[in-house]
Amino acid sequence: MTDPEIHKGLAGVVVDTTTISSVNPETNSLLYRGYPVQELAARCSYEEVAYLLLHGDLPSADELVAFEALERSLRGLDVRTLRIIDDIPLTAHPMDAVRTAVSQLGAFDATLLQPGGILNPELNDSRAVYLLAQLPTIVAYEQRRRRGLALIEPRDDLNYSENFLYMTFGEVPDEVVVDAFRVSLVLYAEHSFNASTFTARVIASTLSDIYSAVTGAIGALKGPLHGGANEAVMHAFDEIGSADRAAAWLDESLAAKRKIMGFGHRVYKHGDSRVPTMRAALEVLVDHYDRPEMLELYTALETAMDERKGIKPNLDYPSGPAYNLMGFDTETFTPLFAAARIAGWTAHIMEQYSSNSLIRPLSQYTGQPERHLS
Ligand SMILES: CC(=O)SCCNC(=O)CCNC(=O)[C@H](O)C(C)(C)COP(=O)(O)OP(=O)(O)OC[C@H]1O[C@@H](n2cnc3c(N)ncnc32)[C@H](O)[C@@H]1OP(=O)(O)O
Ligand SMILES: O=C([O-])CC(=O)C(=O)O
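Keep in mind that what you see is a predicted model, and the values were worked out from it rather than measured. (Residues numbered from 1 in each chain as written. Chains lettered and ligands numbered in written order. Predicted model: local features only at pLDDT ≥ 70, side-chain atom pairs only at ≥ 80, totals over all residues.)

Secondary structure summary: the protein contains 16 helices and three strands in total. Computed over its C-alpha atoms, the radius of gyration of the protein comes to 21 Å, within 12% of the 21 Å expected for a compact globule of 374 residues. Over its C-alpha atoms, taken along the principal directions, the protein stretches across nearly 65 × 60 × 45 Å. Counting over 374 residues, the protein shows a buried share of 42%. At a minimum sequence separation of 6, the contacts of the protein that also span at least 24 residues come to 76%. (Helix = DSSP H or I, 4+ residues; strand = E, 2+ residues; numbered from the N terminus. Rg over C-alpha atoms; globule rule 2.2 N^0.38 Å. Buried ≥ 20, exposed ≤ 12 C-beta atoms within 10 Å, placed from the backbone. Contact = placed C-beta atoms within 7 Å.)

Given below as structure tokens:
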């Protein structure tokens, strides 16, 4: 018998079809439901992009009004969610709080118990908007709690991006900051079968519920090889300190066989299609806050990495310093990614339900040959 071909990490394996997005390394493009992400980032609100991902088309004016009204009405946290978050020790990572809070939302959704409740497409549409609306409040509260500050209740006169920043910092920042934040959310919203989305689809494929699938996805996103890289980038910047030390730091790190966070990608091998857009947003923030040294360090490390390894930055590289300039603590960066990715995750979970096949690959056994108890 010949050995089966092993696809470690499922690299290069096409496991299913999707109509939600396409990542095209050959043309260095990323399309959400057919639209280039750069066009969406230039012209659309996060709410419009979320609607597009969830429903397949951009909303009409009336559909947008209804979608926004629903999202705004679902932002407030239940006292039970607050209590659960408050019980999580500050020694835990904020992603643990977000994961636990989402899991708790599922435990309190009694509609899951209705006959057909887990898979009911209408209920899942509502649950997707509920999760979309709840995540910013959870993430903003978690950021504030870590600073010893009280919850700020959401405001329904603000759009998604404005309200997210308002709930975190107590005021809506300058328009250019809100816009850079919106751009980051649009770019983070969806990326086909990445590890966290695939995790969500594996869970959904067992016909488990949407909250369980999102909870698992949050766990997968937390890792530094995936969403955790945006905060790891900031830790590296802190360690390096200034542009003149970037090359030496990189040489030492590579000699120690450390992975350089924010660089490389499983699919894009010649650069991440989202980076130029996020770098432009970072440049705006650097000008706004008058922090040129941040961009100098960014460029120095990027150049040195290109010279040493020819490996390009991924989206986590510009978004880390951008979130730092906006005023978020480093540990909140990956929760921001999770809040943005809710749109993509829930769209994929519903796509999985709509044409399901249990995801269950094979493995080649390489352990002990058959043996018996003596
Ligand atoms: C938004 C996102 O989630 S994007 C991903 C965010 N993650 C990161 O930024 C973490 C850092 N990057 C990495 O660890 C990797 O590039 C990954 C996990 C993203 C992709 O990994 P893979 O597709 O498996 O690439 P792979 O590991 O095969 O890399 C090929 C070679 O480049 C090297 N390489 C790839 N990325 C890096 C990096 N960031 N730092 C140093 N070396 C790297 C690998 O060590 C490997 O070298 P080798 O052939 O000498 O062993
Ligand atoms: O696609 C991936 O493997 C990781 C990524 O960039 C994302 O999830 O945004």
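Structure's up, so let's keep going.
Quick look at the site of ligand 2 now. Contacts to ligand 2 come from His 191, Asn 194, His 265, Arg 266, Val 267, Asn 314 and Leu 315. A per-class count over the shell around ligand 2 returns two nonpolar, four polar and one charged. (Near = placed C-beta within 6 Å. Nonpolar A, V, L, I, M, F, W, Y, C, P; charged D, E, K, R; others polar.)

What follows concerns helix α2 (residues 46–55). Where burial is concerned, most of α2 is hidden: eight out of the 10 residues are buried. Three or more residues of α2 are buried, namely Tyr 46, Glu 47, Val 49, Ala 50, Tyr 51, Leu 52, Leu 53 and Leu 54. Just downstream of α2, Gly 56 is the residue with a positive phi angle, here 100°.

Let us now look at the UniProt feature "active site" (unreviewed entry) in the protein. Those residues carrying the UniProt feature "active site" (unreviewed entry) are His 265 and Asp 316 in this numbering. Annotated residues spanning 52 residues; largest pairwise C-alpha distance 10.6 Å, indicating a single compact cluster. Relative to the elements of secondary structure, His 265 occurs in the loop between α12 (246–255) and α13 (275–289). When residues no more than four places from it in sequence are discounted, the contact partners of His 265 are Asp 272 and Asn 314. Structurally, Asp 316 can be placed in helix α15 (residues 316–326). The residues contacting Asp 316, other than those within four sequence positions of it, are Ala 229, Asn 230, Val 233 and Gly 262. (UniProt positions renumbered as here; feature names shortened; annotations may be inferred.)

Even without a glycine there, the phi angle at Asn 28 is positive, about 50°. Mapped onto the elements, Asn 28 comes out in the loop between β1 (21–24) and β2 (29–32). Here Asn 28 falls in the partly exposed class, since 15 other C-beta atoms lie within 10 Å of it. For Lys 257, which is not glycine, the phi torsion reads 60° and is therefore positive. The topology assignment puts Lys 257 in the loop between α12 and α13. Since 6 C-beta atoms lie within 10 Å of it, Lys 257 is described here as exposed.

Partitioning the protein into domains gives domain 1 (21–225 + 331–355) and domain 2 (227–326). Of the residues lining the interface, 28 residues belong to domain 1; the matching set on domain 2 comes to 27 residues. Among the secondary structure elements, those contributing two or more residues to the side of domain 1 that touches domain 2 are β2, α1 (37–43), α8 (175–188) and α16 (333–354). Here the side of domain 1 that touches domain 2 takes eight residues from α8, the largest share from any one element. Considering only residue class, the side of domain 1 that touches domain 2 consists of 18 nonpolar, seven polar and three charged. (Domains from an automatic or database assignment.)

On to the pairing of β1. The side chains of a regular strand alternate between both faces of the sheet. Judged by which residues are buried, β1 turns out to be one-sided: Ser 21 and Val 23 face inward and are buried, whereas Ser 22 and Asn 24, on the alternate face, are not. The turn linking β1 back onto β2 is made up of four residues, and Asn 28 within it adopts a positive phi angle of 50°. (Pairing = 2+ DSSP bridges.)

In this section: the sheet that holds strand β3 (residues 35–36). Strand order in the open sheet formed by three strands is β1-β2-β3, with antiparallel pairing between adjacent strands. In the strand order of this sheet, the two ends are held by β1 and β3, each with one partner. Pairing of β2 with β3 involves two bridges; the strand directions are antiparallel. Bridge pairing links Tyr 32 to Tyr 35 in β3.

Here we take up the environment of Tyr 32. Assignment of secondary structure puts Tyr 32 in strand β2. Ignoring any residue separated from it by four or fewer positions in sequence, one finds Tyr 32 in contact with Ser 21, Val 37, Leu 40, Val 49, Leu 52, Leu 53 and Glu 190.

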